[in-house]
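# Residue-level structural notes
The lines below spell out each chain.
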Amino acid sequence: MVEAQRKPRETTIDAAEVSRFAAMSREWWAPRGKMRPLHALNPVRIAFIKDIACDLFDRSPRKLDCLSGLRVLDIGCGGGILSEPLARLGAEVVGIDPAEENVEVAKLHAEQSGLAIDYRAATAEELADNGERFDIVIASEVVEHVAHLSLFVKRAAEMVKPGGFIAVTTINRTMKSFALAIVGAEYVLRWLPVGTHTWDKFVTPEEMYDEFSIYGLAEIDRGGIIFNPLSGEWRRGLDTDVNYMIAAKKPG
Amino acid sequence: MNKQMPDKPLDVAIAGAGIAGAALGVALKQTLGGGFSVAMFDPALAREPARDDRVVAIAGGARRLFEALGVWERLVEAQPIRAMEITDSKLSDAVRQTFLEFSEDEEGEPFAHMVENRALIVALREAAEEAGIELVASGIDSYLADESFATFSSGEKQYRARLLAAADGAQSRLRSLAKIQTIARGYDQSGIVATIGHAREHDSKAVQHFLPSGSFAILPLTGKRSSIVWTEASAEAKRIVALPPAEFLAELELRFGLQLGELEVLSPARAYPLQISIARSFIAERLALVGDAAHVIHPLAGQGLNMGLRDVAALAECIADNARLGLDPGAPELLSRYQRWRRADTVAMGLATDGLNRLFSNDSTPLKYLRDLGLGIVDRAPALKKFFAREAAGLTGDVPKLLRGEFI
């Protein structure tokens, strides 16, 4: 971090964003708490990642240990809402988050759940600098918060093993996403604290595609995440105007 | 009590080894396999299933569930119901006019099968043992839930489970421990149950007479036998079951009719009080109510067990979907999904059968015209009839996969 502060243009971390999530970290696992939307989103994003992994690594999606032996990096793991299910499916998960407090919450919870997850208060570039490699690199609800998208994708892509893939879930930059994700989710429904998102930092699927291409990754799957206000559930759909998922493979 | 340290937490603990509990256990274990731990707790597991004259009608959806679970093939004595006749008359009417007749649909699938309670429980226990469910012959009398586990003791041992499924019956102990209230109504009616032998074949036909005091159902069993479910005001039911055999037979013949020839009472008649009761919530932290623990409905439409199996199929599907995504089988989101899926459906069915009972258990002449008009309309409208038959078979609405005979 000291290194990063001396050369601010080289980092992908935005200090103001980090402190905002640290304040929320105790709330991560409260089932009806502030992170309820993320818990609700979980089945869709896990299914996205799992289905691609089962396809690429020839696993049976019906097996409870379908990800066994796969090394997974969860960037911006927060309290571990995504890391834990992936570990339960057998993956060797490394969860990183720049906010120390999040990592402490995540460690404590994994221990209570009887799961071995390697949580670290670290940044993606620190792991990339150490030469760490993964079968799956995940940036879920992260790229809309990073300071420098292209640098972030570059360092994340470095860590994907040949034959592995990167999965991103995020929010599109459209008028609809402005209305739903910021006005709707933050101001009207109060799902998220006001200021959680800054619309102009949102990334379009085309921009993600371009970044992937620059760093040698080929898009393999893309889908929308649609909220059903009646059931309160999220499901996968075709409309990528608001929330979407995108995955790209590093040639083997 | 010697409290040991809890073992590795169970994924799902089931309180109650009755039909709903055992079916849930078998569904989970067969679907999710060795990596998913299921234990079933019931003091009744210490002995052979008790003698029980009650029979259950297994409708289409429930049969498919038992087929998918490999339980159906173990039931040798299942009697199909291939036709149903519904009449509405006074006891003194010489001829009971038939208002509604159903016969099996084009595919030749029976409406339901009659199976003896005990035979079903024996088959489910065998399947549970083979599936590798841990069977514990003691009950669960208390539990504590926190954000991660339900902790409880059974016998001398302490356990932890991600989810506790309460299939511990109409008087569910876990339901009261979770402080879940029920909306209950007694009918001051009882159902008299007995097995009747008759001289002629029943031709796989079920008959339901709507009499002023309540319904009188004749349900075919294997051989020249039928089971009756005879509804009367509770005091009258008490009087009837205590009658000397000859007088009981006379009362029976008055209702049963003589179309199947001479009657013989094969098992002593017993009266079971009728009630409707629906839990205000089907869930609590780390707890899901299943079957009679969640709802007891008027047995008029024969829907009690089928409703319970809908709970089983829905909960098993919710759990399997979650487990395959590495998600906690007792997560609040899963429990909410189960509750959304099952509770509205149950309330609707409860209200419908309650309404039917009130509509039919009545001697008022205007009401009789009204309901006969209703039955007449249904009888002449094939689409409506088909709808009612499918509803009774549990094949309408958002049907859980197991009830469609699909694997989850």
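Residues numbered from 1 in each chain as written. Chains lettered and ligands numbered in written order. Predicted model: local features only at pLDDT ≥ 70, side-chain atom pairs only at ≥ 80, totals over all residues.

## A look at the overall build of chain B
We apply this condition: Counting from the N terminus, the helices are the DSSP runs of H or I reaching at least four residues and the strands are the DSSP runs of E reaching at least two. Remark: C-beta atoms are placed from the backbone, and a residue is labelled buried if 20 or more other C-beta atoms sit within 10 Å of its own, exposed if 12 or fewer do, or partly exposed between those counts. Throughout, a residue-residue contact means that the two C-beta atoms, derived from backbone geometry, are no farther apart than 7 Å.
Helix and strand counts for chain B stand at 10 helices and 20 strands. Burial status across chain B gives 49% buried among its 408 residues. Within chain B, contacts between residues separated by at least 24 positions form 76% of all contacts whose residues are at least 6 apart in sequence.

## Some points on the sheet that holds strand S8 (residues 243-249) of chain A
Residue and element names in this part refer to chain A. To keep it simple, the criterion reads: Strands are treated as partners if at least two bridges between them are detected by DSSP. Each axis is a line fitted through C-alpha atoms, and for a helix only the stretch in contact is used; angles between axes span 0 to 180 degrees, taken between their N-to-C directions.
Read from one edge to the other, the open sheet built from 8 strands follows the order S3-S2-S1-S4-S5-S8-S6-S7, with strand pairing classed as mixed. Either end of the sheet is taken by a strand with one partner, and the two such strands are strand S3 (118-120) and strand S7 (233-237). Going across the sheet, the axis of each strand differs from the next one's by a mean of 20 degrees, ignoring polarity. In the sheet, strand S6 (residues 218-228) pairs with S8 via 7 bridges, with the strands oriented antiparallel. In the sheet register, Ile 225 faces S8, and the bridge partner there is Asn 243. Packing against the sheet, helix H3 (residues 36-56) makes contact with strand S4 (134-140), strand S5 (160-171), S6, S7 and S8, and its axis sits at approximately 35 degrees to S7. The strands that helix H5 (residues 100-112) touches are strand S2 (92-96) and S3; relative to S3, the one it contacts most, it runs at about 165 degrees.

## Comments concerning the sheet that holds strand S3 (residues 55-59) of chain B
Residues and elements named next belong to chain B. Here we have 3 strands laid out as an open sheet, ordered S3-S7-S4, and antiparallel in their pairing. The sheet terminates laterally at S3 and strand S4 (79-81), the two strands that pair on one side only. Looking at each pair of strands side by side, their axes are set apart by 30 degrees on average, direction ignored. By the bridge criterion, 5 bridges tie S3 to strand S7 (residues 112-116) in an arrangement that is antiparallel. If you follow Val 55 over to S7, its bridge partner there is Glu 116. Where helix H3 (residues 117-131) meets the sheet, it contacts S3 and S7, and its direction lies at approximately 85 degrees from that of S7.

## Notes on the nonpolar core
Residue and element names in this part refer to chain B. We apply this condition: One nonpolar core equals one set of buried Ala, Val, Leu, Ile, Met, Phe, Trp, Tyr and Cys residues connected by C-beta atoms within 7 Å. A domain assignment, automatic or from a database, supplies the domain bounds used here.
Ranked by internal contacts, the top residues of the largest apolar core, which has 178 residues, are Leu 24, Leu 164, Ala 165, Ala 288 and Val 290. In terms of residue count, helix H7 (residues 304-323) provides more of this core than any other element does, 11 residues in total. Two domains share this core, each providing at least three of its residues, namely domain 1 (10-75 + 115-184 + 275-361) and domain 2 (79-113 + 186-274). In contact with Leu 24, other than residues within four places in its own chain, are Ile 14, Ala 165, Ala 167, Val 290, Val 312, Leu 315 and Ala 316.

## A short note on the domain arrangement of chain B
Residues and elements named next belong to chain B. Stated precisely, the cut-off is as follows: Ten residues, namely Ala, Val, Leu, Ile, Met, Phe, Trp, Tyr, Cys and Pro, are considered nonpolar, four, namely Asp, Glu, Lys and Arg, are considered charged, and the remaining ones, Gly among them, are considered polar.
Taken as a whole, chain B is organised into domain 1 (10-75 + 115-184 + 275-361) and domain 2 (79-113 + 186-274). With 15 residues of domain 1 at the contact, the number on the domain 2 side is 22 residues. Listing elements by their share of the side of domain 1 that touches domain 2, those giving two or more residues are S3 and helix H2 (60-68). When residues of the side of domain 1 that touches domain 2 are assigned to their parent elements, the largest contribution, 4 residues, is made by S3. Looking at the side of domain 1 that touches domain 2, its residues break down into 8 nonpolar, 4 polar and 3 charged.

## Focus on the packing of helix H1 (residues 19-32) of chain B against H7(B)
Residue and element names in this part refer to chain B. We count it as follows: Geometric relationships in this document are graded by angle, where less than 35 degrees denotes roughly parallel, more than 145 denotes roughly antiparallel, 65 to 115 denotes roughly perpendicular, and other angles denote oblique. With the far helix as reference, a near helix turned anticlockwise by less than a right angle produces a left-handed crossing, and one turned clockwise produces a right-handed crossing.
In the contact formed by H1 and H7, the axes pass within 9 Å of each other and the chain directions differ by 30 degrees. Our classification of the angle between H1 and H7 gives roughly parallel. When the axes of H1 and H7 are compared, the crossing they make is right-handed. In this structure, H1 uses Ile 19, Ala 20, Ala 23, Leu 24, Ala 27, Leu 28, Thr 31 and Leu 32 to contact H7, whose residues at the interface are Leu 305, Gly 308, Leu 309, Asp 311, Val 312, Leu 315, Ala 316, Ile 319, Ala 320 and Ala 323. Across the contact of H1 with H7, the residue classes break down as 15 nonpolar, 2 polar and 1 charged.

## Considerations on the packing of H1(B) against H3(B)
Any two packed helices are characterised by the angle at which their axes cross and by the distance between the axes. All names here are of chain B. Direction vectors running N to C along H1 and H3 enclose 30 degrees, while the axes themselves pass 9 Å from each other. Our classification of the angle between H1 and H3 gives roughly parallel. Between H1 and H3 lies a crossing whose hand is left-handed. Where H1 approaches H3, its residues Ile 19, Ala 22, Ala 23, Gly 25, Val 26, Lys 29 and Gln 30 are matched on the opposing element by Leu 120, Ile 121, Leu 124, Arg 125, Ala 127, Ala 128 and Ala 131. Class assignment for the residues of the contact of H1 with H3 results in 10 nonpolar, 2 polar and 2 charged.

## Quick word on the interface of chain A and chain B
Tallying the contact residues gives 20 residues for chain A and 13 residues for chain B. Listing elements by their share of the side of chain A that touches chain B, those giving two or more residues are H3 and helix H4 (83-88) of chain A. Considering each element in turn, the side of chain A that touches chain B owes the most residues, 7 residues, to H3(A). Taken together, the residues of the side of chain A that touches chain B break down into 11 nonpolar, 5 polar and 4 charged.

## Focus on the environment of B:Ala184
Residues and elements named next belong to chain B. Turning to its location among the elements, Ala 184 is positioned in strand S12 (residues 182-198). Residue classification places Ala 184 among the exposed residues on the basis of 12 C-beta atoms within 10 Å. On a C-alpha basis, the gap between Ala 184 and Ser 277 in space is 4.0 Å, while along the polypeptide they are 93 residues apart. The residues contacting Ala 184, other than those within four sequence positions of it, are Gln 275, Ile 276 and Ser 277.

## Considerations on the environment of B:Arg343
Within the fold, B:Arg343 resides in helix H8 (residues 332-360). Each C-alpha atom of the pair B:Arg343 and B:Gly330 lies 18 Å from the other, and the pair is 13 residues apart in sequence.

## Some thoughts on unusual backbone geometry
Residues and elements named next belong to chain B. The backbone phi angle of Ser 204 is positive, close to 60 degrees, even though this residue is not glycine. On the neighbour-count criterion, Ser 204 (16 C-beta atoms within 10 Å) is partly exposed. One non-glycine residue, Arg 286, lies in the positive phi region at around 65 degrees.

## Remarks on the confidence of the model for chain B
Detailed reading of predicted coordinates is not advised where the pLDDT is low. Residues and elements named next belong to chain B. Filter applied, for reference: For every residue, the predictor states its confidence as a pLDDT score lying anywhere from 0 to 100.
In this model, chain B carries an average pLDDT of 84, and 80% of its residues clear a pLDDT of 70 or more. Contacts from residues 1-6, a stretch scored under 50 in pLDDT, to residues over four places away or in other chains number 9 contacts. Two numbers describe this predicted complex: its pTM, 0.83, and its ipTM, 0.85.

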